[in-house]
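Descriptive analysis of the structure
The residues making up each chain are set out below.
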2 protein chains.
Amino acid sequence: MARLKLKLQLYCGDEIAMGPGKADLLEAIAREGSISGAGRAMGMSYRRAWLLVDVMNRCFAKPLVETHPGGGKLAGARLTAEGGAALAAYRALSAQVEGGVPGADYAALEAAIRVAPLEAQLHG
Amino acid sequence: MARLKLKLQLYCGDEIAMGPGKADLLEAIAREGSISGAGRAMGMSYRRAWLLVDVMNRCFAKPLVETHPGGGKLAGARLTAEGGAALAAYRALSAQVEGGVPGADYAALEAAIRVAPLEAQLHG
């Protein structure tokens, strides 16, 4: 399965409520204790991390992340109970879906794909 | 499952040998009989369609698409036997993986996600 990438996205209207990047961000917030720390750990700007949290909080019936008042560098954030539950359900669903991959079709594709691509030819 | 999007990508080194867009392109080539016609039907440039075909042909042990000599607008393309087989295996694998989705974790996520997101607040 090393050569397979499965991306599982859950939509809310036109927005992505949950996906691989948002799940990773939730994990980082739980670990780092702040949106800015989580963004830094993931190499994304505070603004981008904040926007992803905002989408999640607007897409779920209850917010997944709550921020502590305080302001500045001391402001913290943590997952709500709903946030922890959504993250766990997403991880479990991903594992379940990946568990469904083995079989003849995957084996046929894996056997047909080279270990590395041939070199691209330069054209005009 | 309407709110779920599953993207299944198969890698060859750093390149994506097969994924949703490439599978759609193979189908379009089989239907349209040329790379240019397939690209047009999918709203992509000839150059982009050609590059995607080139990646597939370099990633698989045998080319998935063969082009007919002829040149200009009459040049045609069709799937090889390996191309037809890879497309069929990818579609079957996708269906199999999607069939693995139903269950408690998916139900929990679906129940927690709103039908539409709340409006974004404007910040500074």
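For the structure, see preceding data.
For these two chains of identical sequence, chain B goes onto chain A by a turn of 180° and a shift of 0.0 Å along the axis, with RMSD 0.1 Å. The relationship between the two copies is best expressed as a two-fold rotation axis. Residue lysine 7 of chain B of chain B places its C-alpha closer to the rotation axis than any other residue of that unit, at 2.5 Å. Both copies present the same face, since 100% of the interface residues in chain B are matched by interface residues at the equivalent positions in chain A.

A word on the environment of leucine 10 of chain A. All names here are of chain A. Along the chain, the position of leucine 10 falls in strand β1 (residues 4–12). Judged by relative accessible area, leucine 10 falls into the buried class, the value being 2%. Between the alpha carbons of leucine 10 and tyrosine 90 there is a distance of 9.3 Å; along the sequence they are 80 residues apart.

On to the sheet that holds strand β2 (residues 15–18) of chain B, then. One open sheet accounts for 4 strands, arranged β2(A)-β1(A)-β1(B)-β2(B); its pairing is antiparallel. A strand with exactly one partner marks an edge of an open sheet, and here the two such strands are β2 (15–18) of chain A together with β2 of chain B. Here the average twist between neighbouring strands, direction ignored, is 55°. Where strand β1 (residues 4–12) of chain B lies against β2 of chain B, 3 bridges are found, and the strand directions are antiparallel. Across the sheet, the residue bridging to leucine 10 of chain B is methionine 18 of chain B, located in β2 of chain B.

Rules used throughout
- Residues numbered from 1 in each chain as written.
- Chains lettered and ligands numbered in written order.
- Predicted model: local features only at pLDDT ≥ 70, side-chain atom pairs only at ≥ 80, totals over all residues.
- Heavy atoms only, no water.
- Least-squares fit on C-alpha atoms with pLDDT ≥ 70 in both.
- Contact = heavy atoms within 4.5 Å.
- Helix = DSSP H or I, 4+ residues; strand = E, 2+ residues; numbered from the N terminus.
- Buried < 20%, exposed > 50% of the residue type's maximum accessible area, 1.4 Å probe, protein only.
- Pairing = 2+ DSSP bridges.
- Axes fitted to C-alpha atoms, helices over the stretch in contact; angles between N-to-C directions.

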